[in-house]
Amino acid sequence: MSTLTAPIGIRSVRGMDPWTPDPAENRSWADAEYEPENSADPDAEYSSADEWQNPPSADAGRGRQDAPRPAGDAPRPARRHRARTSWKFVTLVTTVAVVLLVGLISSIVTVVAPGKKGHPVVGFVPTGATPEENGQQIATAFLRAWGAGSIELAASYTDSPQAAEAALAAYREGLHLRTLSGSPTGATRLTDRAPTDTAPPETASTPRVKISVAVNAQVAASADTEALSGTWSYHSSLVAYQKPDSPAWSIAWAPDGLAPNLTATTHLAAVPVAPTATSVVDAGGTSLTSYQDAGLNTIAGILKASPPQNLGKPGLAVELQSADGTPVKGSQAVIIPPVDATLSTTIDARAEQAARSAVAEHPQSSMVAIRPSTGQILAIANNAGFNNFALTAQVAPGSTAKIISAAALISHGVLTASTPVECPAVYTVQGISYHNDKGESEPASTPFSYDFAQSCNNAFSQWWQQESDGRLASVAKEYFGLNQPWDIGLGEAATYYNQPAGASGSELAQNLFGQGHITASPLAMASVAATVANGTFKQPILLPGAPQIAAKPLPADVDAQLKTMMRAVVTQGTAAGLGFGPTVHAKTGTADVDNQGQPNSWFVAFDSAKDVAVACLVLDAGYGDEFAAPEVQHFLSRY
């Protein structure tokens, strides 16, 4: 704390009570006598005998030396006529300078002066005519020091400097404080006798005052100079009191004096406020909720609550946080509102209407359509109550997974589309026998592409040893982008297809024809068809420009063979005669489920002429060609 000369009217003189007027103070400066240069006592009486002692060798006033005296001349006394410079004059000048220096805070200064019993008085001594004025003066000093960044000085005006300084530093750090200003707006005498925090009880000699203050703090979202910043304006209050047996005043330290509701265990933080989506629409501007689809309604709700970061403009708020950074509920004050905006998705109105019409054919149906060239999701449709099975289903994909199995067998050099592969009616692995669904079989001369078209299971199960050690699972991820989380634009990643990498023996034999512990959703299987259509995996996305994970392109010869095999499904396989056009490639799927009356019906397809891929799932329905396939044909005929 600085030690300053007392203001006019408050004298600090050794041996004299500083609060008692000096009788010599009214003495006229014109009456001052000459003063000996070496006098130790500024009030000592003048002595002419002392005036001749230690005469100066030069005229200090003019800066020239005396001329030499003739020999024999007696020395002459050099009478000094130095005007007496009183210590009172020095005090006056210093006091005026200090008062001007602190910004004309009336006569507010901090003094160290003798008390009434000879002990030093340390603290802020105001000069107001009332306790209310004194309280406002110390509050002004505190706010000015705080605003100037002198938190140590500001803290010294309180009765708990260490705690105050720590809180002021935390305020500056948590809010990334740029500037601060504050001023008192009123003062009220506290007349109750109970002590307030650290302040003593109210008495005539120790008045207490509550000072209302207005604060304007420019805060920022981060310490970066380019960070979003704004002014937080609020009101708070301080309690000031006169110390017992002293003219000095102090501020009773309390954290909420800095900001309302601040405590010793919380801190303030400036945080960005994300904008919200005023509405979530399809690619043409139609609200997703207008389609009355459970899946789209859920998606719209998620996107409205947590829109992408590039939507609109973020705002800025100040909030209270606990020590671990958890926001205190209800404490956030928005100082710059975010700019909300409409959020557009990739949903195509024509595709969505066609999909909604298709799934209406059977209950428990769900469908997803994708643009293979971009990965954009064109349609999500459900006819399963409030369920969004188009995205959330986790069921065995049945024979639609044979697309991945075929890609693995071909890319690993096990066979080609034209390789003769027998499909026995029964195949046994590790004591477990697998029967083709209808007991059908194919002879050893059957091309593998025909086995695929007829969806003969044991043409696949027999290759489990060649696809052991995670080889099948690696193809699902390496070429089809599966077996890993995707964020389609909803802010959270999810895995829509799971092929156990550790599968072996009988489990792996089942996985090769799409059963066992393998699970998939219509979104994932539509992506499988889209990958074959495009030759390269494009991660499905709901928001234009959303990030997409990548995968290796399918080897050209592998992709060509897969296209041939999927076309054979339509021309001579399980989907023949269902009315699909000349550019449609497809795969049926039927997945048995334990303790379920009927198998789940699957169908995936792509139409190369329309740049669209689609997958349909009908739960607890029957064969893929009887339920899911007609729905896909319905969709493609209307899109």
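Residues numbered from 1 in each chain as written. Predicted model: local features only at pLDDT ≥ 70, side-chain atom pairs only at ≥ 80, totals over all residues. Heavy atoms only, no water.

## Topic: unusual backbone geometry
Excluding glycine, a negative phi dihedral is what most residues carry, and trans is how most peptide bonds are arranged.
1) Next: Even without being glycine, Asn-261 reaches a positive phi, approximately 70°.
2) Next: In this fold, Asn-261 is placed in the loop between β8 (249-252) and β9 (266-273).
3) Next: Of note in this structure, Ser-455 is not a glycine but carries a positive phi near 55°.
4) Next: By the element assignment, Ser-455 lies in the loop between α9 (448-454) and α10 (458-461). (Helix = DSSP H or I, 4+ residues; strand = E, 2+ residues; numbered from the N terminus.)

## Some thoughts on the sheet that holds strand β14 (residues 365-370)
1) Next: Strand order in the open sheet made by the five strands is β15-β14-β22-β21-β20, with antiparallel pairing throughout. What marks the edges here is a single partner per strand, and that holds for β15 (377-383) and β20 (584-591). The mean angle between the axes of side-by-side strands here comes to 10°, regardless of whether they run parallel or antiparallel.
2) Next: The pairing of β14 with strand β22 (residues 612-618) spans six bridges and is classified as antiparallel. (Pairing = 2+ DSSP bridges. Axes fitted to C-alpha atoms, helices over the stretch in contact; angles between N-to-C directions.)

## Comments concerning the packing of aromatic side chains
Any aromatic ring pair is given by two values, namely how distant the centres are and how the planes are angled relative to each other.
1) Next: The full count for this structure, using the stated rule, is 11 aromatic pairs.
2) Next: Judged by centre distance (5.9 Å) and plane angle (50°), the ring pair of Phe-142 and Trp-146 falls under tilted. Separated by four residues within a single helix, Phe-142 and Trp-146 lie in helix α2 (residues 131-147), roughly one turn from each other. Pair check on accessibility: Phe-142 and Trp-146 agree, each one buried.
3) Next: Taken together, a centroid distance of 6.5 Å and an interplanar angle of 55° make the contact between Phe-452 and Phe-460 tilted.
4) Next: The class of Phe-452 is buried, set by a relative accessible area of 1%. (Phe/Tyr/Trp six-rings, centres within 6.5 Å; stacked < 30°, edge-to-face > 60°. Buried < 20%, exposed > 50% of the residue type's maximum accessible area, 1.4 Å probe, protein only.)

## Some remarks on the sheet that holds strand β12 (residues 333-336)
1) Next: The sheet built from three strands is open, its strands ordered β9-β11-β12 with antiparallel pairing. Of all strands in the sheet, those bounded by a partner on one side alone are β9 and β12. Sheet twist, expressed as the average angle between the axes of neighbouring strands with direction ignored, equals 30°.
2) Next: In this sheet, β12 lies alongside strand β11 (residues 315-322) in antiparallel orientation, the contact comprising three bridges. Bridge pairing links Ala-317 to Val-334 in β12.

## Here we look at the packing of helix α8 (residues 402-411) against helix α11 (residues 471-478)
Packed helix pairs are specified by the crossing angle of their axes together with the interaxial distance, meaning the distance between the axes.
1) Next: At a minimum axis separation of 9 Å, α8 and α11 run at an interaxial angle of 105°. Taken as axis vectors, α8 and α11 run roughly perpendicular relative to one another. On α11, the residues that touch Ile-404, Ser-405, Ala-407, Ala-408 and Ser-411 of α8 are Leu-472, Val-475 and Ala-476.
2) Next: Of the residues in the contact of α8 with α11, the class split is six nonpolar, two polar and no charged. (Parallel < 35°, antiparallel > 145°, perpendicular 65-115°, else oblique. Contact = heavy atoms within 4.5 Å. Nonpolar A, V, L, I, M, F, W, Y, C, P; charged D, E, K, R; others polar.)

## Examining the environment of Gly-505
1) Next: Tracing the backbone shows Gly-505 in helix α12 (residues 505-511).
2) Next: By relative accessible area, Gly-505 is classed as buried at 1%.
3) Next: Once the C-alpha coordinates of Gly-505 and Val-429 are considered, the two residues, 76 residues apart in sequence, prove to be 6.7 Å apart.
4) Next: The contact partners of Gly-505, leaving out residues within four places of it in the chain, are Val-429, Gln-430 and Trp-464.

## Points about the packing of α8 against helix α14 (residues 556-572)
1) Next: Direction vectors running N to C along α8 and α14 enclose 140°, while the axes themselves pass 10 Å from each other. Between α8 and α14, the angle falls in the class oblique. The handedness of the crossing between α8 and α14 comes out as right-handed. Touching Ile-403, Ala-406, Ala-407, Ile-410 and Ser-411 of α8 are Val-558, Gln-561, Leu-562, Met-565 and Met-566, all from α14.
2) Next: Broken down by class, the residue content of the contact of α8 with α14 amounts to eight nonpolar, two polar and no charged. (Left-handed = near helix turned anticlockwise from the far one by under 90°.)

## Description of the pattern of salt bridges
1) Next: For the coordinates displayed, the defined rule picks out four salt bridges.
2) Next: Here Asp-293 and Arg-356 are joined by a salt bridge, their closest N and O atoms 3.0 Å apart. Here the residue Asp-293 occupies a position in the loop between β10 (277-281) and α5 (294-305), and Arg-356 occupies one in helix α6 (residues 349-359), the gap between them amounting to 63 residues.
3) Next: Judged by relative accessible area, which is 0%, Asp-293 ranks as buried.
4) Next: A residue is classified by how much of its surface remains accessible, and Arg-356, at 24% relative accessible area, is partly exposed.
5) Next: Note that Glu-478 is salt-bridged to Lys-552, the shortest N-O span being 2.7 Å. Of the two residues, Glu-478 is situated in helix α11 and Lys-552 in the loop between α13 (522-534) and α14; the sequence distance between them amounts to 74 residues. (Salt bridge = Lys/Arg side-chain N within 4 Å of Asp/Glu carboxyl O.)

## Re the environment of Tyr-171
1) Next: When you line up the elements, Tyr-171 lands in helix α4 (residues 161-174).
2) Next: Since its relative accessible area comes to 1%, Tyr-171 is described here as buried.
3) Next: Sequence separation between Tyr-171 and Leu-258 is 87 residues; the distance between their C-alpha atoms is 8.3 Å.
4) Next: Apart from the residues lying within four places of it in its own chain, the contact partners of Tyr-171 are Trp-146, Leu-177, Leu-180, Val-215, Ala-217, Trp-232, Tyr-234, Leu-258 and Leu-268.
5) Next: A distance of 2.8 Å separates the side chain of Tyr-171 from the side chain of Tyr-234, its partner in a polar contact. (Polar contact = N/O pair within 3.5 Å; in protein donor to acceptor, adjacent residues only side chain to side chain.)

## Re empty space enclosed by the protein
1) Next: Applying the stated rule across the entire model yields two cavities of 30 Å³ or more.
2) Next: What the second largest cavity holds in volume is close to 30 Å³.
3) Next: Around the second largest cavity, the lining residues are Glu-467, Gly-470, Arg-471, Leu-472, Ala-473, Gln-499, Pro-500, Ala-501, Ala-503 and Leu-508.
4) Next: Ranked by the residues each element gives to the lining of the second largest cavity, the list is headed by α11, at three residues.
5) Next: Here the lining of the second largest cavity is composed, by residue class, of six nonpolar, two polar and two charged. (1 Å grid on protein atoms, 1.4 Å probe; cavity = no way out; pocket = protein on both sides within 12 Å on 5 of 7 lines; lining within 4 Å. Points joined across faces, edges and corners; volume = space filled by probe spheres on them.)

Function-wise, these values are silent; they only describe arrangement.
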